[in-house]
Amino acid sequence: MQDCWVAHLLGPGKTYLDIGAGEPQLISNTYELERMGWTGILCDIEHEARLRAERKAVAVYGDAFAVDWNEAIKADVVDYLSLDLEPPALTLRALCALPLDRVRFRAITVEHDAYRGSTRERTAMRGILTAFGYELVAPDVCVAVGGALRPFEDWWVDPA
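For every chain, the first residue of the written sequence is number 1, and numbering continues from 1 along that sequence. This being a predicted model, a pLDDT of at least 70 is required before a residue's local features are given, and a value of 80 or more before pairs of side-chain atoms are given or counted; all residues contribute to the totals for chains, interfaces and linings. Side-chain metrics in this entry use all non-hydrogen atoms of the structure; hydrogen atoms and water are not considered.

Time to look at the overall build of the protein chain. Helical segments are the DSSP runs of H or I of at least four residues, strand segments are the runs of E of at least two, and each set is numbered from the N terminus. Secondary structure summary: the protein chain contains 6 helices and 7 strands in total. If you list the helices and strands of the protein chain from N to C, you get α-β-α-β-α-β-α-β-α-β-α-β-β. We take the radius of gyration over the C-alpha atoms and set the globule estimate at 2.2 Å times the residue count to the 0.38 power. On C-alpha atoms alone, the protein chain measures out to a radius of gyration of 15 Å, which is about the 15 Å that the 2.2 N^0.38 rule sets for 160 residues. On the principal axes, the C-alpha backbone points of the protein chain span a range of 35 × 35 × 30 Å. Out of the 160 residues in the protein chain, the part that is buried amounts to 49%. Put simply, of all contacts in the protein chain between residues at least 6 apart along the chain, 66% involve residues at least 24 apart. The accessible surface values rely on the Shrake-Rupley method and a 1.4 Å probe; as for residues, cover is taken only from the protein chains in view. Accessible surface computed for the protein chain: about 7,800 Å², of which carbon and sulfur atoms make up 55%. Within the protein chain, the 25 negative side-chain charges are centred at a point lying 1 Å from the centre of the 16 positive side-chain charges. Relative accessible area decides the class of each residue, using a 1.4 Å probe on protein chains only: under 20% of the type maximum gives buried, over 50% gives exposed, and in between gives partly exposed. By definition, residues are in contact when any of their heavy atoms lie within 4.5 Å. When charges are counted, neither His nor the chain ends are considered; positive counts come from Lys and Arg and negative counts from Asp and Glu. Charge placement uses NZ in Lys and CZ in Arg. For Asp and Glu, CG and CD serve respectively.

Attention now goes to helix α1 (residues 2–10). Along α1, the residues that are buried comprise Gln2, Asp3, Trp5, Val6, Ala7 and Leu10. Those residues of α1 that are buried lie in contact with α2 (31–35), β4 (77–83), β5 (104–111), β6 (135–145) and β7 (148–157). Residue Gly11 follows α1 closely and has a positive phi angle near 90°.

Turning our eyes to something else, we now look at the pattern of salt bridges. We define a salt bridge as a side-chain nitrogen of Lys or Arg found within 4 Å of a carboxyl oxygen belonging to Asp or Glu. Inspection of every chain in the model, using the stated rule, returns 15 salt bridges. Here Arg55 ties to Glu34 by a salt bridge, and the two come within 3.1 Å at their closest N and O atoms. Taken together, the residues Arg55 in the loop between α3 (48–54) and β3 (59–61) and Glu34 in helix α2 connect sequence positions 21 residues apart. Residue Arg55 shares its accessibility class with Glu34, and that shared class is buried.

Turning our attention to unusual backbone geometry. A cis geometry characterises the amide bond from Glu86 onward to Pro87, with omega recorded as -5°. Looking at where Pro87 falls in the secondary structure, it is placed in the loop between β4 and α5 (88–97). Of note in the backbone geometry, Asp113 takes a positive phi value of approximately 50° without being a glycine. Examined against the element boundaries, Asp113 turns out to sit in the loop between β5 and α6 (120–131). Accessibility expressed as a relative area gives 2% for Asp113, which makes it buried. Even without being a glycine, Asp140 presents a positive backbone phi close to 50°. Following the sequence through the fold, Asp140 ends up in strand β6. Residue classification places Asp140 among the partly exposed residues on the basis of a relative accessible area of 24%.

Once that is clear, we can look at the side chain of Asp154. Mapped onto the fold, Asp154 is located in strand β7. In terms of polar contacts, Asp154 uses its side chain to reach the side chain of His112, at 3.2 Å. Look past the residues within four positions of Asp154 in its chain and what remains in contact with it is Ile108, Thr109, Val110, His112, Arg122, Arg126, Leu136, Ala138, Pro139 and Asp140. Throughout this description, a polar contact denotes any pair of N or O atoms lying within 3.5 Å of each other; where both atoms belong to protein, one of them has to be capable of donating a hydrogen while the other can accept it, and for residues adjacent in sequence the pair is counted only when both atoms sit in side chains.

All right, on to the packing of aromatic side chains then. Two rings belonging to Phe, Tyr or Trp (six-membered ring only in the last case) form a pair when the distance between their centres is within 6.5 Å. Interplanar angles under 30 degrees mark stacking, angles over 60 mark edge-to-face geometry, and anything in between is tilted. With the rule as written, the count across this model stands at 2 aromatic pairs. Note on Trp5 and Trp155: the rings are 4.8 Å apart at their centroids and 25° apart in plane angle, and the pair reads as stacked. Of this pair, Trp5 sits in helix α1 while Trp155 sits in strand β7, and the two are 150 residues apart along the sequence. On the basis of an interplanar angle of 80° and a centroid distance of 5.7 Å, the ring pair of Tyr61 and Trp69 is categorised as edge-to-face. For Tyr61, a relative accessible area of 26% gives the class partly exposed. Lying over the aromatic face of Phe65, Arg93 brings its terminal NZ or CZ to 3.8 Å of the ring centre. Each ring is checked for a lysine NZ or an arginine CZ that lies within 6 Å of its centre and within 35 degrees of its normal; such an atom marks a charge sitting over the ring.

Written as structure tokens, this is what we have:
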């Protein structure tokens, strides 16, 4: 439901950066946003070819760690950042690779998968985003796993 939250928060016709985009349509955090006139950058090593074929992104990348994000992100403000790599250590690594000192994201969803037993990555990601002035508005958003709700993601906003 990340796309619903972001669409409600920001409206149509904005920009996104989706790292760990996954399957192009069915479980995408940005596909419905794109249908609402949003544009942006997609990155997923497993689904790169399908993303190129099925989506209308400005750019599509495969390996998130082979991209110079300072070069790839031309704007100073991107409306939505979706970070969702597996395992969470890669999500943390991708967050650290972004030019957070230059680019502001109006809304961020970042998957930490704390339900898997480790909170180390969640703690580190929270420290980084807080240090850059982001506000945690929905900590530990849950997903149903085996009939129980499990914390897997945090939702952030730029208070400015």
